[in-house]
Each structure stands twice: as structure tokens, then as C-alpha cells.
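Geometric and topological summary
Here is what each chain is made of, one letter per residue.
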Amino acid sequence: GETVWITNGTYAITNQITVNNGITVRSTNGAAGTVVRRAGPGNHRIFCVSHAAAVLDGLTITNGAATGSVPTCQGAGVYMTAGTVQNCIIVGNAAWGGNLGYGGGVHIAVTGTVQNCTISGNTSDKYGGGIYIATNGLVRNCVIRNNSVGMYQSGGGVFCYMGGVVESCVIVSNSAAGGDSGHGGGGVRLYWGGTVRNSLVYANTANGNGAGGGVYCWS
């Protein structure tokens, strides 16, 4: 139930920050003034959130590099199994794991909420360049833009697997390299479930022979 306040500045970290208690980590003056980034040369994500009452609030989360094997190659900005991420800018993170990198910006592995965030310029080599949602995740009131996935992969902006809800979001200018009709979803890919509602989806692309420049549903 405590709050950890972070003052203005750029914080270069050499290992992921794990939030596994019910605390709030909050900036004093909003995301624009408080940046948490990976310091090289080692590769690691920025945050791992694993408590239902944990909150990240008002941070810029950038330069995460999730590599290696599962799950370390997933969720380069934030990897979540519970909790809430809100009022954050999640930008310029990359998940690469030999076609196992799910969620360049955010990976919701079990449950969790991402709200009032900008998710931009993230990449993955498999699914969900911006955000990957499994089963019970919720993404709302977010701007998801300029994210991408590699060749023969899906969900440049968002990938939903067997559930998840995206609501009241703007999903714009994301891309999936596609490569064949079984892949695509430049904006959103829904695979065996998932819901998108009350959202604006435009100017997304599925290149090559990929399906669904805006939204691709398959089950």
C-alpha cells in the first residue's frame, strides 16, 4: 500500500526492476520528466510487475532489450503477470528471442491493466510489437502507434491470444511484415479470442502477402 515517489531525471538501470509487492511506483511530475532506461551493454527488460496491487504510474520506459529464452525474451518494456501500468510512455523497446519475442513494449502474460499510456516505436520478432495480451489482460485509453513485428509475424500494434480486451484506444501506423496469408494484422491480431471495442484503428499495414492491415481475426 505504500507509494515510492521518483523525482525528475533519467535513471539508467543495469538489471530489470521487479515489483512483486502491492506498492505504487510513481513519478512526481509525470512521464515526460521521469525516464527509466536500460544502460548497456547487457540486455534486459525494464520492469517486471507481478502483484495484483502493484502500480507503475507516470514513467517513460525505454530502451528495454528482452532477449534470450522464454520468458526473458518477452516484454522488453514491461512484463506483467498482474498489476496496473498507467499514465506511462513506453517507447523504443525490443523483444527478440529467435521468433519467441512476444510484446516489444508490454507483455501481459496472465492478467493486468494498461491504461492511459502511449505505446510507441517498439518491436518484436514474433507477436505484438507494441503489446501482447494473453487471456485476461485489459488495455484501455491508450495510443498505440508506430510499432512493428518482423517477417512472417503478426500484430504490429497489438496481439491478443485467447482473450484480452482493447477498448477506447487509438491504434495507428503500426505494421506487420506479414509475408503470407497466415500472418498479418498490422494494427491488431486476434488469435483464438480477444475483443477490440470503441477504438480508432487506421493507417496500419500488413506488408507482403500478409492479411488484415488494420485487424486480422483468426480462430
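These lines cover the structure that appears in this document, whether it is placed above or below. (Residues numbered from 1 in each chain as written. Predicted model: local features only at pLDDT ≥ 70, side-chain atom pairs only at ≥ 80, totals over all residues. Heavy atoms only, no water.)

**What about the pattern of salt bridges?**
Inspection of the entire model under this criterion finds 2 salt bridges. Note that arginine 197 is salt-bridged to glutamate 167, the shortest N-O span being 2.9 Å. Of this pair, arginine 197 sits in strand S27 (residues 195–197) while glutamate 167 is found in strand S23 (residues 165–167), placing the two residues 30 residues apart along the sequence. (Salt bridge = Lys/Arg side-chain N within 4 Å of Asp/Glu carboxyl O. Helix = DSSP H or I, 4+ residues; strand = E, 2+ residues; numbered from the N terminus.)

**Examining the sheet that holds strand S11 (residues 84–86)**
Read from one edge to the other, the open sheet built from 8 strands follows the order S1-S4-S7-S11-S15-S19-S23-S27, with strand pairing classed as parallel. The strands lining the two open edges of the sheet, one partner per strand, are strand S1 (3–6) and S27. Averaged over all pairs of adjacent strands, the angle between their axes in this sheet comes to 10 degrees, without regard to strand direction. (Pairing = 2+ DSSP bridges. Axes fitted to C-alpha atoms, helices over the stretch in contact; angles between N-to-C directions.)

**A look at a nonpolar patch on the surface**
Taken together, the side chains of Met162, Trp192 and Trp218 make up a nonpolar region of the molecular surface, amounting to roughly 340 Å² of accessible area. Classification of tryptophan 218 by relative accessible area gives partly exposed; the value is 40%. (Patch = residues over 30% accessible without salt bridge, like charges linked within 9 Å, V, L, I, M, F, W, Y side chains within 5 Å. Areas by Shrake-Rupley, 256 points an atom, 1.4 Å probe, with all protein chains shown as cover. Buried < 20%, exposed > 50% of the residue type's maximum accessible area, 1.4 Å probe, protein only.)

**Remarks on unusual backbone geometry**
For the bond running from valine 70 to proline 71, omega is 0 degrees, close enough to zero to count as cis. Here asparagine 63, not a glycine, exhibits a phi torsion of approximately 70 degrees, which is positive. Relative to the helices and strands, asparagine 63 resides in the loop between strand S8 (60–62) and strand S9 (65–67). What makes asparagine 63 partly exposed here is its relative accessible area of 22%.

**Details of the pairing of strand S15 (residues 111–115)**
Across the 5 residues of S15, 4 count as buried, placing the element largely inside the fold. By the bridge criterion, 3 bridges tie S11 to S15 in an arrangement that is parallel. Looking at the pairing, threonine 84 lines up with threonine 113 of S15. Of the strand pairs in this sheet, S15 and strand S19 (residues 136–140) are connected by 5 bridges, and their pairing is parallel. Counterpart to threonine 113 in the pairing with S19 is leucine 138.

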